[in-house]
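Each chain, letter by letter, is given below.
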Amino acid sequence: MSKLVIVGTVAFDAIETPFGKTDKILGGAATYIGLSASNFNVDSAAVSVVGGDFPQKYLDLLENRNVNIDGIEIVKDGKTFFWSGKYHNDMNSRDTLVTELNVLEHFNPIVPDSYKDAEVVMLGNLHPLVQQGVLNQMTEKPKLAILDTMNFWMDIALEDLLSVIKNVDVITINDEEARQLTGEYSLLVAARKIHEIGPKYVVIKKGEHGALLFHDDNVFYAPALPLEEVFDPTGAGDTFAGGFSGYLAKTEDYSFENMKKAVIYGSTLASFCVEKFGTERMQNLTDKEIHKRLDQFKSLTQFDIELT
Ligand code: AMP
């Protein structure tokens, strides 16, 4: 089993969906990735920063799911990153209402020594210079470096983002962001352009419409599981990334064939995340629940057809 280093925000989120509204609750890319990857029992560590206002019980929550938190710096007199978003009625698109970087503004990531040789690095959503800073600290080139990002960083740090994208093997990005990054409407063309920047594998997430995996001229598509109840899509993309990277770290097989399975695991875990507000559904997920849903996934997508 490989070690997994996870980078990303650990945050307070305030969310509004057509079904309700929350005050400041636990959120952040690294939080969702860590909770999701923990389902594979991999040896993982989160690298992030929080302020003195961040409750210990949230850190305990990650630790209790076996995510090492030595790389989460606590800035006692600082405030935790805060994000607030409001979903449209279709739940597939949202507006960011507030992004307060706070302690993230002057964050220098430190990878714990015992994770500097990790085989898999999941660079979750955070400033691209922080993502690059983590890559630079790895004593050996990771077998797989995966990067996730969002429009916010394209808007304010595009050059830094393009530089770090060059150095990773896989990028996971949503459809709108792939279009923004490349200026191409067709996702096939967008994926090709992203390949040209560097990553050999491109995963384009399409929310409730599933995910596409591109490698050279190969494309694999996994739908999202149709769900009766979608309360809050926040963190679905990160949960996908956690499932994807966690599965690959566990199996240590970084081939395109195995990445197809990683996409299925990512989609399966994301399908749980959206069922409740924030991280609630991800906190106590069981193997049994995951297996049942994987089974549903299989019957949703399997068919026999005779080609004549
Ligand atoms: P997702 O819904 O998967 O795109 O991720 C939502 C999570 O990303 C929330 O929990 C936020 O705290 C976090 N987030 C929002 N904006 C940013 C940003 N600019 N950088 C890093 N993380 C962010």
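Look above for the structure.
Residues numbered from 1 in each chain as written. Predicted model: local features only at pLDDT ≥ 70, side-chain atom pairs only at ≥ 80, totals over all residues. Heavy atoms only, no water.

Quick word on the environment of Ile-165
Inspection of the secondary structure puts Ile-165 in helix α5 (residues 158-166). A residue is classified by how much of its surface remains accessible, and Ile-165, at 0% relative accessible area, is buried. Residues Ile-165 and Val-111 lie 54 residues apart in sequence; the distance between their C-alpha atoms is 20 Å. Leaving out residues up to four positions away in the same chain, Ile-165 has contacts with Leu-147, Ile-171, Leu-181, Ile-197 and Pro-199. (Helix = DSSP H or I, 4+ residues; strand = E, 2+ residues; numbered from the N terminus. Buried < 20%, exposed > 50% of the residue type's maximum accessible area, 1.4 Å probe, protein only. Contact = heavy atoms within 4.5 Å.)

Some details on the layout of surface pockets
One water molecule sets the probe size; rolling that probe over the atoms shows where empty space is left. Empty space within the second largest pocket amounts to approximately 170 Å³. For the second largest pocket, the full set of lining residues is Asn-39, Phe-40, Asn-41, Tyr-247, Lys-250, Tyr-265, Asp-287, Ile-290 and His-291. Sort the elements by how many residues they give to the lining of the second largest pocket and helix α11 (residues 287-301) lands first, with three residues. In terms of residue class, the lining of the second largest pocket is made up of four nonpolar, three polar and two charged. (1 Å grid on protein atoms, 1.4 Å probe; cavity = no way out; pocket = protein on both sides within 12 Å on 5 of 7 lines; lining within 4 Å. Points joined across faces, edges and corners; volume = space filled by probe spheres on them. Nonpolar A, V, L, I, M, F, W, Y, C, P; charged D, E, K, R; others polar.)

Concerning the pattern of salt bridges
Per the counting criterion, the structure on display carries 11 salt bridges. A salt bridge links Asp-117 to Lys-3, with the nearest nitrogen and oxygen atoms 3.0 Å apart. Here Lys-3 lies in strand β1 (residues 3-7) and Asp-117 lies in the loop between β8 (94-100) and β9 (120-123), a separation of 114 residues in the sequence. Asp-117 sits in the partly exposed class, given a relative accessible area of 36%. (Salt bridge = Lys/Arg side-chain N within 4 Å of Asp/Glu carboxyl O.)

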